[in-house]
Amino acid sequence: MDAIFLPLLIGVPVALGLLAFALPKRLAWVLFFLGNAGVLTVVALLHDAVGLSWSATGPSYQPLGEVVLGLKLSQLAWFFLAISSVASVLFALFSLGFNDKAHATRVAPLWLMLLGASNGIFLASSWLVFFLVWELMAWTSLLIIGHGKAKSFQAGLFYYLLSLAGTLAMMVGLWFV
């Protein structure tokens, strides 16, 4: 397998999520299922590609140094990708039947973006990639949890504030290392 599949495991679900905002609700849920099935297929094909890595290097900024975006497929990363992909496909299959006219919601695009973010968390090998996908995961989680009701949004906001505190703690830890 080629290393380009690693950033595609992040970028394609996020791009499909953005596309799904423009689609009717039912079609967005079908795209959610197809996106999950595609990710599961790629993850299954990557089983023998453990050790595969991808990186891109950007300009150097003071005091940070060289900006590196890195992804790596370790055995543990593949295991978590496989488990989350199977769970996501099962969730997507359930969602196809559940999201009829009475229950249809507009969160399928957010679930697709969350899929790409969680894939990125498992594959991140640089702190910058980790923080970018962590924040994408936090924002999409906030919007999924808070969808539809004020009380749910308050719970989602509390979750986001805890996530932000964790992010700041990680940044402080990295600054002093």
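A. View of the packing of helix H1 (residues 5-20) against helix H2 (residues 25-45). The contact between H1 and H2 brings their axes to 10 Å, and the two run at 175°. When the interaxial angle is binned, H1 and H2 end up roughly antiparallel. In contact with Phe5, Leu9, Pro13, Leu16, Leu19 and Ala20 of H1, H2 contributes Ala28, Leu31, Gly35, Val39, Val42 and Val43. Broken down by class, the residue content of the contact of H1 with H2 amounts to 11 nonpolar, one polar and no charged.

B. Representation of a nonpolar patch on the surface within the structure. The grouping of Leu143, Phe153, Leu157, Leu161, Leu164, Leu168 and Met171 at the surface amounts to a nonpolar patch, some 600 Å² of accessible area in total. Looking at the nonpolar patch element by element, the count peaks at six residues for helix H6 (residues 150-176). Tracing the sequence through the fold places Phe153 in helix H6. On the accessibility criterion, Phe153 (36% relative accessible area) is partly exposed.

C. Spotlight on the side chain of Glu135. For Glu135, the location among the structural elements is in helix H5 (residues 127-145). With no salt bridge to any partner, buried Glu135 finds its closest opposite charge in Arg106, at an N-O distance of 23 Å. Here Tyr160 takes part through its side chain, which lies 3.1 Å from a polar atom of the side chain of Glu135. Dropping the residues within four chain positions of it, Glu135 is found in contact with Tyr160 and Thr167.

D. Summary view of the nonpolar core. Counting residues in hydrophobic clusters, the biggest one holds 20 residues, and the most contacted among them are Leu6, Leu9, Val43, Leu46, Leu52, Leu73 and Leu123. Take this core: its biggest share by element is four residues, from helix H3 (residues 75-98). Apart from residues lying up to four places away in sequence, Leu6 is in contact with Leu46, Leu52, Ser53, Trp54, Leu71, Lys72, Leu73 and Leu123. Trp29, Leu31, Ala92 and Leu96 belong to the second largest nonpolar core, which has 15 residues in total.

Parameters at a glance
All residue numbers here refer to positions counted from 1 along the written sequence of the relevant chain. Totals for whole chains, interfaces and linings use every residue, but because this is a predicted model, local features are given only for residues with pLDDT of at least 70 and side-chain atom pairs only at 80 or more, for both listing and counting. Note that water and hydrogens are dropped before the side-chain values are worked out from all heavy atoms of the structure. Working convention: axes come from line fits to C-alpha atoms, limited for helices to the stretch in contact. Angles between N-to-C directions cover 0 to 180 degrees. Numbering of helices and strands starts at the N terminus; helices are DSSP runs of H or I of at least 4 residues and strands are runs of E of at least 2. Comment on the angle field: the value is read as roughly parallel under 35 degrees, roughly antiparallel over 145, roughly perpendicular from 65 to 115, and oblique elsewhere. Should any heavy atoms of two residues lie within 4.5 Å, those residues are counted as being in contact. Note on residue classes: Ala, Val, Leu, Ile, Met, Phe, Trp, Tyr, Cys and Pro are nonpolar, Asp, Glu, Lys and Arg are charged, and everything else, Gly too, is polar. Nonpolar side chains (Val, Leu, Ile, Met, Phe, Trp, Tyr) are joined into patches within 5 Å and like charges within 9 Å, using only residues with over 30% relative accessible area and no salt bridge. Areas reported as accessible are Shrake-Rupley estimates using a 1.4 Å probe. Residue values count occlusion only from the protein chains shown. Put simply, a salt bridge is a Lys or Arg side-chain nitrogen that is within 4 Å of an Asp or Glu carboxyl oxygen. Three labels apply to residues, based on accessible area from a 1.4 Å probe with only protein chains included: buried if under 20% of the type maximum, exposed if over 50%, partly exposed otherwise in between. Neither His nor the chain ends is counted toward charge; the positive residues are Lys and Arg and the negative residues Asp and Glu. Polar contacts here mean pairs of N or O atoms no more than 3.5 Å apart (in protein, one a potential hydrogen donor and the other a potential acceptor; neighbouring residues in sequence count only if both atoms are side-chain atoms). Side-chain atoms within 4.5 Å link the members of a nonpolar core, which is a set of buried Ala, Val, Leu, Ile, Met, Phe, Trp, Tyr and Cys residues.

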